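# Residue-level structural notes
For reference, the chains in residue letters:
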Amino acid sequence: MSRKIICIIFASLFTCLVPINSEARKQKKALSDSTAVSVADTSRLEVAADSIAGRLDSLAAASLDSIDLVPLFSDEYLDTVKMKKAKSINDYTMIGVQYGVSLSQMRFNPTKRQGMLISPYNFGITYTRYGKMFGYMPYFGFQTGVLFGQDGYVFKKNKETGDYNESVDGATKAVYSYAEVPLLAHLHIDVWHLKLIVNLGLYAGYRLEVEREGERLDPQYANTFYDYDRRFDYGAKAGAGIGLILDPIEFHIQATYRASLGSLYRPNYYSEYYYRFAYPSDILITAGIHIQLTKRTGKTKAALKKEAKALIYNDQENPGANR
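Only a predicted model underlies this, so the values are computations on that prediction, with no experimental measurement involved.

### So, the pairing of strand E3 (residues 122–133)
Across seven bridges, the pairing between strand E1 (residues 93–109) and E3 is antiparallel. Within E3, the position partnered with Ile95 by the bridge is Tyr127. Where E3 lies against strand E4 (residues 137–154), 11 bridges are found, and the strand directions are antiparallel. Considered in E4, the bridge of Thr126 is made with Gly145. Once E3 ends, the chain turns through three residues before running back antiparallel as E4, passing Phe134 with a positive phi of about 60°.

### What about the packing of aromatic side chains?
Counted under the stated rule, the structure contains 16 aromatic pairs. With a centroid separation of 5.2 Å and an interplanar angle of 45°, the aromatic rings of Tyr153 and Phe155 are classed as tilted. What makes Tyr153 buried here is its relative accessible area of 1%. One aromatic cluster is present, formed by Tyr221, Tyr226, Tyr228, Tyr265, Tyr269 and Tyr270 through successive ring pairs. Directly above the ring of Tyr178 sits Arg258, whose terminal nitrogen or CZ lies 4.0 Å from the centroid.

### Describing the side chain of His188
Inspection of the secondary structure puts His188 in strand E5 (residues 173–191). A polar contact of 3.3 Å, which involves the side chain of His188, links it to the backbone oxygen of Pro138. In this view, His188 contacts Tyr130, Pro138, Tyr139, Phe140, Lys195 and Leu196; residues no more than four positions away in its chain are not counted.

### Points about the nonpolar core
Inside soluble globular proteins, nonpolar side chains tend to come together where they are buried. With 18 residues, the main nonpolar core has Phe108, Tyr153, Tyr176, Leu264 and Tyr265 as its most contacted residues. Excluding residues that lie within four positions of it along the chain, Tyr153 makes contacts with Met106, Phe108, Gln114, Leu117, Val168, Ala171, Thr172, Lys173, Ala174, Tyr176 and Leu264.

### What to know about the environment of Lys156
Among the secondary structure elements, Lys156 is positioned in the loop between E4 and E5. Note on Lys156: relative accessible area 42%, which makes it partly exposed. Between the alpha carbons of Lys156 and Arg113 there is a distance of 6.6 Å; along the sequence they are 43 residues apart. Each residue touching Lys156, except ones within four places of it in the same chain, is listed here: Arg113, Gln114, Gly115, Tyr164 and Asn165.

### Notes on the environment of Met106
Topologically, Met106 is positioned in strand E1. The exposure class assigned to Met106 is buried, which follows from its relative accessible area of 3%. Residues Met106 and Leu117, 11 residues apart in the sequence, show an inter-C-alpha distance of 9.6 Å. Among residues more than four places away in sequence, those in contact with Met106 are Gln114, Gly152, Tyr153, Leu264, Ala278, Tyr279 and Pro280.

Cut-offs applied
Residues numbered from 1 in each chain as written. Predicted model: local features only at pLDDT ≥ 70, side-chain atom pairs only at ≥ 80, totals over all residues. Heavy atoms only, no water. Pairing = 2+ DSSP bridges. Helix = DSSP H or I, 4+ residues; strand = E, 2+ residues; numbered from the N terminus. Phe/Tyr/Trp six-rings, centres within 6.5 Å; stacked < 30°, edge-to-face > 60°. Buried < 20%, exposed > 50% of the residue type's maximum accessible area, 1.4 Å probe, protein only. Lys NZ or Arg CZ within 6 Å of the ring centre and 35° of its normal. Polar contact = N/O pair within 3.5 Å; in protein donor to acceptor, adjacent residues only side chain to side chain. Contact = heavy atoms within 4.5 Å. Core = buried A, V, L, I, M, F, W, Y, C linked by side-chain atoms within 4.5 Å.

These figures come from the coordinates and say nothing about function on their own.
Right under this line is the structure:
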């Protein structure tokens, strides 16, 4: 199109500049007629092209409206398709029993040279409740229960003399039996049939019995508390462990550090000016068996009842909705 326009312009200039004779007039007339015909043909072609383009657009729009973008598959094919769905963890509960061994020492102030007291007397019943933070993060829960254990102290002998250089009112060894109620934040991450556990929280306890040993110990206090002893105890606990999940039973092995925040005896019992402190601390290694009281994964009975109730009410409100 542009070439023809340029030719017309040059032809006009040429006729203006060159003298026109009869032959030139004939050529000019023939050129003008052919150019007019070409322009007319081009205009008709442009109109036809616009018309065809419009029809194609309308056909394309109609085709898109009529096409179903959702693929249709037969029931036989859908029956053969296997889909893996990740199992979501419910807000479930557990009850369990645990048993373990404690490694105990006292944090004395002033410090005393002591050994490690090993006690195989540590057991209890626990209750665990799992939940979701913000409704979708299934890593949180809490754990409580009633636990019984032992802590205390034992001093080391002098290797040269064979005697004890340290004692507490004549006792070179003391074992305290206690009962406690912990309240722990129970964090967990479930991987396949394994569970990673982290515990952190507080506890409150009460000392039930005491057994003391020592050559210079007054015999009447071998199994009796002094009037300045503090039987109530409280402190913090933190630990970690691993669990084996075989629904509906779980096996947990944990290591926990237990630190008392209350002194074993009244600090000023010996002197109003010379205070003494003794804070129990333990490392507990325990193994437990826990039974799931509610469904761990999948839909619970409560969820199924809720869905059934919603389905019934929906059918009553919209009788033809599912037909």
